[in-house]
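Structural overview for review
Letter by letter, the chains look like this.
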Amino acid sequence: MIGTNKATETLLKVENLKKYFPVKKGLVIQRHVGDVKAVDGVSFEIYPGETLGMVGESGCGKSTLGRTILRLLEPTQGKVIFQGQSLTELSREEMRKIRSQMQMIFQDPLASLNPRMKVRDIIGEPILIHEVLNRVEREKRVSKLLNIVGLSPNHGERYPHEFSGGQRQRLGIARALAVNPKLIICDEPISALDVSLQAQIINLLEDLQAEFNLTYLFIAHDLAMVKHLSNRVAVMYLGKLVELTSSEELYLHPRHPYTIALLSAIPLPYPNQKKGRIILKGDAPSSVNPPSGCRFHTRCPEMQDICKVMDPELIDIGNKHFVACHLHTDEKKKVGNSVTNHQ
Ligand code: SF4
């Protein structure tokens, strides 16, 4: 487990963040007919040195959430506060300066590395943009970064297509580290890699976190992937958080029916071990017109009448274990926590 040196102060605070994409119809005159509610009122905090895993099916909004936090996409509503500073109120220039402390590693390293640039220039580019070092110092730093991620300084003279998938992801990590960030948003960085390469990249991320006291928001589509890496895990469904707690608590005592179904899909290490897999009905509904009440009610094996009409709030059911499900509203009364304070 990494990132156990969790401090009590907050590095990043996300408050009621929303990102809607307008849906338009009409060939000549385009009418606004609705919105894709990719992120719809998400709140959480990340502490220095920890890894928060963010898990959910494809299309649940987790990658959009990562990009909206960094303002690569402009938020529709809500706040992102980084080290006490509200990012949503910064100008482009102010945002450019602060982005050196917040970097992103992308799922597809080849698509995120300019094929016409040498590796040395790709990794040196963020240093140049943020004017951190002069040319000689920059060259030295690029060579050091290549060493840190397990490559040779000679690799700097090559182009991205000359590398394997795992090596390209190492380049993506080196570029993210170039300007000494505090927070790295890892957007499914190992999903496109073979299993053996996945382990190597996870180990590298762990080592770098310990060495540079990095904080990660680690986005992935299955719980098995984030289990080893995360201190806490948040589960997302159709643009909303449905459960958030420590990694250990989530795997031992999952409460939300969606989390329980996701966990039941993790393969067991021994073939003769048996567990009941929960198969969810159908595909996730569209986020253009999400179901009324609890968004999960159309697929939930525990659905009750109230679930169709009332959207459950994310509440603390004890020990910072947050769940959005009507099955657990009584536990909230027992704990007596605020409805909205779920960090
Ligand atoms: Fe299922 Fe109802 Fe809980 Fe939603 S609120 S997860 S539909 S039991």
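Residues numbered from 1 in each chain as written. Predicted model: local features only at pLDDT ≥ 70, side-chain atom pairs only at ≥ 80, totals over all residues. Heavy atoms only, no water.

**Looking at the site of the ligand**
Near the ligand the following residues occur: H256, P257, C294, F296, H297, C300, E302, C307, P312, C325, H326 and L327. Among the residues making up the shell around the ligand, the classes are represented as eight nonpolar, three polar and one charged. (Near = heavy atom within 4 Å. Nonpolar A, V, L, I, M, F, W, Y, C, P; charged D, E, K, R; others polar.)

**Quick look at the packing of helix 5 (residues 135-148) against helix 6 (residues 165-177)**
Where helix 5 contacts helix 6, the two axes come as close as 9 Å, and the packing angle between them is 135°. Taken together, the axes of helix 5 and helix 6 lie oblique to each other. Once helix 5 is placed against helix 6, the crossing between them reads as right-handed. Facing R141, L145, L146 and I148 of helix 5, the residues of helix 6 in contact are L171, A174 and L177. In terms of residue class, the contact of helix 5 with helix 6 is built from six nonpolar, no polar and one charged. (Axes fitted to C-alpha atoms, helices over the stretch in contact; angles between N-to-C directions. Helix = DSSP H or I, 4+ residues; strand = E, 2+ residues; numbered from the N terminus. Parallel < 35°, antiparallel > 145°, perpendicular 65-115°, else oblique. Left-handed = near helix turned anticlockwise from the far one by under 90°. Contact = heavy atoms within 4.5 Å.)

**Focus on helix 7 (residues 195-212)**
Given a rise of 1.5 Å per residue, 18 residues ought to cover 26 Å, and the 26 Å separating the end C-alpha atoms of helix 7 matches this to within 8%. Three or more residues of helix 7 are buried, namely Q198, I201, I202, L204, L205, E206, L208 and Q209. Tucked into the core, helix 7 has its buried residues touching strand 3 (51-55), strand 6 (102-105), helix 5, helix 6, strand 8 (215-220) and helix 8 (223-227). Of the residues trailing helix 7, N213 is marked for its positive phi of about 50°. (Expected span 1.5 Å × (residues − 1). Buried < 20%, exposed > 50% of the residue type's maximum accessible area, 1.4 Å probe, protein only.)

**Thoughts on the nonpolar core**
Grouped together as the largest cluster of nonpolar side chains are 54 residues, with contacts concentrated most on I123, I173, F218 and L223. Residues from two domains meet in this core; each of domain 1 (12-238) and domain 2 (252-268 + 275-343) gives at least three. Residue contacts for I173: discarding those within four places in its chain leaves I105, V149, I201, L204, L205 and L208. (Core = buried A, V, L, I, M, F, W, Y, C linked by side-chain atoms within 4.5 Å. Domains from an automatic or database assignment.)

**Details of the sheet that holds strand 2 (residues 31-46)**
Across the sheet, which stays open at both edges, the four strands sit in the order 2-1-4-5 with antiparallel pairing between neighbours. At either margin of the open sheet sits one strand with a lone partner, and together these are strand 2 and strand 5 (85-86). The sheet contact formed by strand 1 (residues 12-25) and strand 4 (residues 77-82) spans five bridges and is antiparallel. Along strand 4, the bridge assignment pairs E15 with K79. In this fold helix 1 (residues 62-69) packs onto strand 1, strand 2 and strand 4, with an angle of close to 115° to the strand it touches most, strand 1. (Pairing = 2+ DSSP bridges.)

**Details of the sheet that holds strand 9 (residues 232-237)**
Spatially, the eight strands line up as an open sheet ordered 6-7-8-3-9-10-12-11, and their pairing is mixed. The strands lining the two open edges of the sheet, one partner per strand, are strand 6 and strand 11 (315-316). On top of the sheet, helix 7 reaches strand 3, strand 6 and strand 8; it is set at about 160° to strand 8, its chief contact.

**Examining the pairing of strand 9**
Counting buried positions along strand 9 yields six of six residues, so the element is predominantly enclosed. Every second residue of strand 9 is oriented toward a common face, with R232, A234 and M236 on one face and V233, V235 and Y237 on the other, all of them buried. Judged from the four bridges that link them, strand 3 and strand 9 form a sheet pairing that is parallel. Bridge pairing in strand 9 places V55 opposite V235. Alignment of strand 9 against strand 10 (residues 240-246), held across six bridges, turns out to be antiparallel. From the neighbouring strand, R232 faces strand 10, where its bridge partner is S246. The antiparallel hairpin formed by strand 9 and strand 10 contains two residues in its connecting segment, where L238 sits at a positive phi of about 45°.

**Quick word on the packing of aromatic side chains**
This model, assessed by the stated rule, comprises three aromatic pairs. Both rings, one in Y237 and one in F296, keep their centres 5.0 Å apart while their planes meet at 80°; by these two values the pair is edge-to-face. Remark: F296 occurs in the loop between helix 10 (257-264) and strand 11 and Y237 occurs in strand 9; sequence separation between them is 59 residues. What makes Y237 buried here is its relative accessible area of 3%. An aromatic cluster is present here, built from Y237, Y258 and F296 joined pairwise through their rings. Across the ring face of F163, the terminal group of R158 is positioned such that the distance to the ring centre comes to 5.8 Å. The positively charged end of K227 is found above the aromatic ring belonging to Y251, 5.2 Å away from the centroid. (Phe/Tyr/Trp six-rings, centres within 6.5 Å; stacked < 30°, edge-to-face > 60°. Lys NZ or Arg CZ within 6 Å of the ring centre and 35° of its normal.)

**Notes on the pairing of strand 2**
Where a strand is regular, its side chains alternate between the two sheet faces. Note: strand 1 against strand 2, 12 bridges, orientation antiparallel. Bridge pairing in strand 2 links K19 to V39.

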